[in-house]
Amino acid sequence: MEIPYKIYLEENEMPKYWYNVRADMKNKPAPLLNPGTHKPVTYEELSHVFCDELVKQELDDTTAYFEIPEAIRSFYRMYRPAPLVRAYCLEEKLGTPAKIYYKFEGNNTSGSHKLNSAIAQAYYAKEQGLKGVTTETGAGQWGTALSMACAYFGLDCKVYMVKVSYEQKPFRREVMRTYGATVTPSPSMETEVGRRILERHPGTTGSLGCAISEAVEKATTTEGYRYVLGSVLNQVLLHQSIIGLETKAALDKYNIKPDIIIGCAGGGSNLGGLISPFMGEKLKGESDVRIIAIEPASCPSFTRGTFAYDFCDTGMMTPLAKMYTLGSEFIPSPSHAGGLRYHGMSSTLSQLYHDGYMEAASVNQTDVFKAAEYFARTEGILPAPESSHAIYAAIEEAKKCKESGEEKTIVFGLTGTGYFDMVAYEKFHDGKMDDTVPTDEELKKYADMLPKVE
């Protein structure tokens, strides 16, 4: 059977339910803890920070499927179902017997997969009668997606953007403002926690952990506002499962079984979404697919982090989450994959990795951009730096197949486009991009500062 270059689902084939992989995990992710008492956080405690319905989703480890409200499905139809692409040109250029597919999530103005959860979180905020939401953003994809979703539902949107990305990506900032969001470089003097961080780290380029602290403070001190997050949390992985569900439905149309699934990993949103139904099969013993997470060598939480309880933010305002972490005080070098510069990893994915259900590897920034350029020249899409981590690994696996002669089926997530990342591409082309990797001594210093939880 001939496989088309792009496999599209019909609109009526779009998933009607999100899939919660935690329901099929024997070892559930460890609960979020109150940092003061070290007791599991309650619904009441979380509802001061998050929307009520999202708290229910966050704490639910047993419900396998959540119905997607019609208002959200209606919005999804603007840009979904997203295509699953057979990378015929890449296969030919590599001379590999491997069959390579990528799920392309960049077919919307935000340029990434982030809109899948942004519209869901904005919907629940609107349903609750809130005035607005606050958030953080790294490279800007999440902030852009949330500003679009808030404009759709008529909500106010306050975004704290990591300072280095705010400066590197001014046009991403302007897209957010076009959709009505206010954008503040973080850390800022606007919040108490921002002022504290600047006092401790004068001249810092910021981090997602810093920006989270500011957004949480703003939400919890402003009437009618809640905080929303674009990655890491269980609720976000739930909403992003639409990526994997569509991918599986497209593969099933042609009876294709993947051998390897690859996703870039920062906080876990796209990786968790892409792998969810395949991981579900693996947990039930129905599949032995290899699942590989690829992260930057400059921020290697899976490959060099500690599996322990830690704060989700630098200002230590959030609950404690058990995850692979480099320490909430760790501020990575200002790499250009801004969406992957987070000190920790989703508790769900961390548990799955700890239990051996998936692999992880880290890669240097310059190697990532070589892969990005190669991909752009063969497949015609300018990829985001984040996605290019997965591209790098897919190419490496395809080269192994060339050596061994194996016809493996490789699927990876192309989370979005790189049109707002031209400063990064310019530095790469001008030979001004470096590979900053933290030393063991540096990582040990932050690991020693982790909260002591029995």
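The coordinates are above.
Every chain is numbered independently, its residues counted from 1 as its sequence is written. At least 70 in pLDDT is required for a residue's local features to be given in this predicted model, at least 80 for side-chain atom pairs to be given and counted, and no such filter applies to totals for whole chains, interfaces and linings, which use all residues. Side-chain figures throughout are based on the complete set of non-hydrogen atoms in the structure, without hydrogens or water.

Caption draft 1: Broad picture of the overall build of the chain. Strands here are runs of E lasting at least two residues and helices are runs of H or I lasting at least four, both read from the DSSP assignment and numbered beginning at the N terminus. A tally of helices and strands in the chain yields 18 helices and 15 strands. In this treatment the radius of gyration is a C-alpha quantity, and the globule benchmark scales as 2.2 Å times the residue count to the 0.38 power. Taking 454 residues into account, the globule formula puts the C-alpha radius of gyration at 22 Å, and the chain, at 20 Å, falls close to it. With respect to the principal axes defined by its C-alpha atoms, the chain has extents near 60 × 50 × 45 Å. Every residue pair with non-hydrogen atoms within 4.5 Å of one another is taken to be in contact. At a minimum sequence separation of 6, the contacts of the chain that also span at least 24 residues come to 77%. Throughout, the Shrake-Rupley method with a 1.4 Å probe supplies accessible areas, and for residues the shown protein chains are the sole cover considered. Split by element, the accessible area of the chain, about 16900 Å² in all, is 50% carbon and sulfur. Each charge class in the chain was averaged separately, 48 positive and 59 negative side chains, and the resulting centres sit 1 Å apart. Charge assignment: positive for Lys and Arg, negative for Asp and Glu; neither His nor the chain ends contribute. For this purpose, a charge sits on NZ of Lys, CZ of Arg, CG of Asp or CD of Glu.

Caption draft 2: Inspection of helix H14 (residues 347–354) at higher detail. Note on classification: 1.4 Å probe, protein chains only; a residue is buried when its accessible area is under 20% of the maximum for its type, exposed when over 50%, partly exposed between these limits. Of all 8 residues that make up H14, 7 are buried, and the element is covered over most of its length. Taken together, the buried positions of H14 are occupied by Ser 347, Thr 348, Leu 349, Ser 350, Gln 351, Leu 352 and Tyr 353. Here a polar contact is recorded for every N or O atom pair within 3.5 Å, except that within protein the pair must consist of a potential hydrogen donor and a potential acceptor, and residues adjacent in sequence are included only if both atoms are side-chain atoms. Of the residues flanking the start of H14, the one acting as N-cap is Ser 346, its side-chain oxygen 3.2 Å from the backbone nitrogen of Thr 348. Downstream of H14 by a residue or two, Gly 356 has a phi angle that is positive, lying close to 85°.

Caption draft 3: Spotlight on the sheet that holds strand E6 (residues 132–137). The 4 strands are arranged E8-E7-E6-E9 in an open sheet whose pairing can be described as parallel. Pairing within the sheet leaves two strands with one partner each, and these edge strands are strand E8 (182–186) and strand E9 (225–227). Across the sheet, the axes of successive neighbouring strands diverge by a mean angle of 20°, strand direction being ignored. Pairing between E6 and E9: 3 bridges, direction parallel. Residue Thr 134 lies in a different strand from E9, and its bridge partner there is Tyr 227. Fitted lines through C-alpha atoms give the axes, limited to the stretch in contact for helices. The angle between two N-to-C directions lies from 0 to 180 degrees. Lying over the sheet, helix H8 (residues 170–178) contacts E6, strand E7 (156–162) and E8, oriented at roughly 170° with respect to E7. Two strands qualify as a pair provided that DSSP identifies no fewer than 2 bridges between them.

Caption draft 4: Focus on the environment of Ser 117. Topologically, Ser 117 is positioned in helix H5 (residues 115–127). In sequence terms Ser 117 and Ala 372 are 255 residues apart; their C-alpha atoms lie 26 Å from each other. Those residues in contact with Ser 117 that sit more than four places away from it in its chain are Trp 142, Val 236, His 239 and Gln 240.

Caption draft 5: Seen up close, the layout of surface pockets. Method remark: on a 1 Å grid restricted to protein atoms, a set of points is classed as a cavity if a 1.4 Å probe fits but cannot get out and as a pocket if it is open with protein on both sides within 12 Å along at least five of seven lines; lining residues have an atom within 4 Å of a point. Grid points are joined across faces, edges and corners, and a volume is the space filled by probe spheres set on the points. For the largest pocket, the calculated volume is near 270 Å³. Leu 46, Val 49, Phe 50, Thr 318 and Pro 319 are the residues nearest the centre of the largest pocket, which is lined by 19 residues in total. Going through the elements one at a time, helix H1 (43–47) and helix H10 (208–220) are the ones with two or more residues in the lining of the largest pocket. Here the term charged refers only to Asp, Glu, Lys and Arg, the term nonpolar to Ala, Val, Leu, Ile, Met, Phe, Trp, Tyr, Cys and Pro, and the term polar to all other amino acids, Gly among them. Here the residues of the lining of the largest pocket are counted per class, giving 15 nonpolar, 3 polar and 1 charged. For each domain, the first and last residues come from an automatic or database assignment. No fewer than three residues from each of domain 1 (6–15 + 81–111 + 234–449) and domain 2 (17–61 + 113–227) sit in the lining of the largest pocket. Every residue lining the second largest pocket is counted, 15 residues in all, and those nearest its centre are Ala 30, Pro 31, Leu 32, Glu 58 and Asn 234. Counted by class, the lining of the second largest pocket contains 10 nonpolar, 3 polar and 2 charged residues. Counting only domains with at least three residues in the lining of the second largest pocket, you end up with domain 1 (6–15 + 81–111 + 234–449) and domain 2 (17–61 + 113–227).

Caption draft 6: Summary view of the pairing of strand E10 (residues 260–264). Most of E10 sits out of view: 5 of its 5 residues are buried. Side chains Ile 260, Ile 262 and Cys 264 of E10 all project onto a buried face; the interleaved residues Ile 261 and Gly 263 project onto the opposite face, where all are buried too. The pairing of E10 with strand E11 (residues 290–296) spans 5 bridges and is parallel. Paired with Cys 264 across the strands is Ile 294, a residue of E11. Regarding topology, helix H12 (residues 269–283) serves as the crossover connection from E10 to the parallel E11, and that connection is right-handed. As defined by bridge partners, E10 adjoins strand E15 (residues 409–414) across 3 bridges and the pair is classed as parallel. Paired with Ile 261 across the strands is Val 411, a residue of E15. With strands facing away from the observer, any crossover in which the path from the first strand over the helix to the second runs clockwise is taken as right-handed.

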